[in-house]
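Here is how the chains run, residue by residue.
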Amino acid sequence: MRVLVLVHEYPPIGGGGGKVAEDICEGLVARGHSVRVITSHLKGLPSQETRAGVEIIRLRCGRKYAYKASFTSMFWYIVSGIFRGLKEIREWRPDIMHVHFAVPAGALGYFLYKLTRTGYVLTAHLGDVPGGVPEKTDRWFKLVKPFTPPIWKNARQIIAVSEFTRGLAQKAYPLPMQVIPNGIALDEQVETEITVHHPPRIVFAGRFVTQKNPLQVIRTLAKLTDLKWHCSIMGDGPLRVDMEREIWNSGLNDRIELPGWLTPDHVVEEFGESDILFMPSLSEGLPVVGIQAMSKGLALVTSSAGGWADLVKPGQNGFQFEPMDSDGYASGLRELLADGNRLEEARRASLKLVNDFDLKSIVIRYEQALSAALITSKVL
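Residues numbered from 1 in each chain as written. Predicted model: local features only at pLDDT ≥ 70, side-chain atom pairs only at ≥ 80, totals over all residues. Heavy atoms only, no water.

### So, the environment of Ser34
The residue Ser34 is located in strand β2 (residues 34–40) in this model. Assessed through its relative accessible area of 35%, Ser34 is described here as partly exposed. Those residues in contact with Ser34 that sit more than four places away from it in its chain are Met1, Arg2, Val3 and Trp92. (Helix = DSSP H or I, 4+ residues; strand = E, 2+ residues; numbered from the N terminus. Buried < 20%, exposed > 50% of the residue type's maximum accessible area, 1.4 Å probe, protein only. Contact = heavy atoms within 4.5 Å.)

### Description of the nonpolar core
Trp229, Ile233 and Phe271 are the most contacted members of the largest nonpolar core, which totals 82 residues. Excluding its chain neighbours within four sequence positions, the residues that come into contact with Phe271 are Val203, Ala205, Met234, Leu277, Val289, Gln292, Ala293, Lys296 and Leu298. Listed in part, the 33 residues of the second largest apolar core include Leu59, Leu86, Leu112 and Ala124. (Core = buried A, V, L, I, M, F, W, Y, C linked by side-chain atoms within 4.5 Å.)

### Points about unusual backbone geometry
Here the amide bond leading from Pro11 into Pro12 is cis, since omega sits at 10°, within 30 degrees of zero. Mapped onto the secondary structure, Pro12 falls in the loop between β1 (2–6) and α1 (16–30). Here the bond from His198 into Pro199 is cis, since omega is 0°, no more than 30 degrees from zero. With respect to the secondary-structure elements, Pro199 resides in the loop between α7 (186–189) and β9 (201–205). Although it is not a glycine, Ala52 sits at a positive phi angle of roughly 55°. Relative to the elements of secondary structure, Ala52 occurs in the loop between β3 (48–51) and β4 (54–59). The class of Ala52 is partly exposed, set by a relative accessible area of 49%. With a phi close to 80°, Phe101 is a non-glycine residue in the positive phi region. Mapped onto the elements, Phe101 comes out in the loop between β5 (96–100) and α3 (102–116). Judged by its relative accessible area of 11%, Phe101 is buried.

### Some words on the packing of aromatic side chains
All chains considered together, the criterion is met by ten aromatic pairs. Geometrically, the ring pair formed by Tyr65 and Tyr67 is tilted, given 5.4 Å between the ring centres and 35° between the ring planes. For Tyr65, a relative accessible area of 39% corresponds to the partly exposed category. Measuring from ring centre to ring centre gives 6.0 Å for Tyr67 and Trp261, while their planes differ by 45°; the resulting arrangement is tilted. Here Tyr67, found in the loop between β4 and α2 (71–91), pairs with Trp261, found in the loop between β11 (256–260) and α10 (264–271); they are 194 residues apart in sequence, far enough to count as distant. Counting every residue linked through ring pairs, the aromatic cluster contains Phe278, Phe319, Phe321 and Tyr329. (Phe/Tyr/Trp six-rings, centres within 6.5 Å; stacked < 30°, edge-to-face > 60°.)

### Observations regarding the sheet that holds strand β14 (residues 318–321)
Strand order in this open sheet of six strands is β11-β10-β9-β12-β13-β14, and the pairing throughout is parallel. Both edges of this open sheet fall to β11 and β14, since each of them pairs with a single strand only. Each neighbouring strand pair of the sheet contributes to a mean axis angle of 20°, computed without reference to strand direction. By the bridge criterion, three bridges tie strand β10 (residues 230–234) to β11 in an arrangement that is parallel. The residue bridging Ser232 from the neighbouring strand is Glu257, located in β11. This element, helix α8 (residues 214–221), spans β9, β10, β11 and β12 (276–279) of the sheet and lies at about 170° to β10. (Pairing = 2+ DSSP bridges. Axes fitted to C-alpha atoms, helices over the stretch in contact; angles between N-to-C directions.)

### Notes on the pattern of salt bridges
Overall, the coordinates contain 24 salt bridges when judged by the stated rule. A salt bridge links Glu9 to Arg207, with the nearest nitrogen and oxygen atoms 3.1 Å apart. Pair noted here: Glu9 is in the loop between β1 and α1 and Arg207 is in the loop between β9 and α8, with a separation of 198 residues, a long-range link. You can call Arg207 buried: its relative accessible area is 15%. Across the pair Arg201 and Glu270 runs a salt bridge, and its minimum N-O distance is 3.7 Å. Of this pair, Arg201 sits in strand β9 while Glu270 sits in helix α10, and the two are 69 residues apart along the sequence. Salt bridges linked by common partners bring Lys19, Glu22, Asp23, Glu49, Arg51 and Arg58 together as one network. (Salt bridge = Lys/Arg side-chain N within 4 Å of Asp/Glu carboxyl O.)

### Describing empty space enclosed by the protein
Under the counting rule described, the total for this entry stands at one cavity of 30 Å³ or more. Counted as a void, the largest cavity has a volume near 30 Å³. Along the walls of the largest cavity sit Val20, Asp23, Ile24, Pro181, Asn182, Gly183, Leu359, Ile362 and Tyr366, which together make up its complete lining. Of all the secondary-structure elements, those providing two or more residues to the lining of the largest cavity are α1 and α14 (359–379). Of the residues assigned to the lining of the largest cavity, the class counts are six nonpolar, two polar and one charged. (1 Å grid on protein atoms, 1.4 Å probe; cavity = no way out; pocket = protein on both sides within 12 Å on 5 of 7 lines; lining within 4 Å. Points joined across faces, edges and corners; volume = space filled by probe spheres on them. Nonpolar A, V, L, I, M, F, W, Y, C, P; charged D, E, K, R; others polar.)

Here it is, written out as structure tokens:
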């Protein structure tokens, strides 16, 4: 198959959703398919390149930050994508399109479908679902939601990355959907030996935005100063200044570091030198960082929001609490930090549980969905 992939965030731009798109694209290429990606440009990146067999086309749409897409940049991604997409469809003649995120890439896929009749498969990652990330998307969903039903209705297949995402999406768009979880290449990343660090290392990885709740990390750790630990909060975003202030006011400057925005590969490297992933998110689809952390044998202390329920088995590989339950997080972390044997047990449990998210089997499921959509397109 020739697959034209539409996604406004593709590494090194964006977060987990972009990484998911990259993994699937590279997996399809490894299985003999041809893949081209139309994504956003960011200063310092080439406008066009081939990486791991995937041809990447980056459109100039005014994107300013790797970690954040503005409403304006998403709008111009759609506009620019129509012209470039038409060119690719007419000259390269893809068999099917794969769209990641109903907004904005879904709108682009819908317009290209209407203009060329090239069918598309839609993968929803939560942030593109009404109510999925309310603090980030509710305001602009009030503007765009009336225009979104055709995007979902005209998709040949709809895929959600978690049961939570599917359930939420079907409330807004009552259509058939399947769940294909995010995954990682386990044969490349899984740790074989577990060594608890002294002091234990805690990590957070994500955008510094309300949805990810990074201030909760600092506030919780301020309750655990009687224990030995070190924490690295990886990422960047509008809450950074507030976080620096919180760290200073809590007297944790020598125990918490903010290394900034790291590439996905560097994040995984940091996981390899850590013990506990602490993610108190307010909402999540199926977080790739959680799967990556499990592959490195990290214990998980997370919120109970969204897709985290698919990764954390409380009492086995970690703990889950309500998103704002600082005391709960502190109790879970304390149990792991105070007992090296307990921490090692939780880390080993993550290594066993991560086998359910092997990228090879997930890519095959996407391949099957794309093939089924291609057959449907030909029939129509």
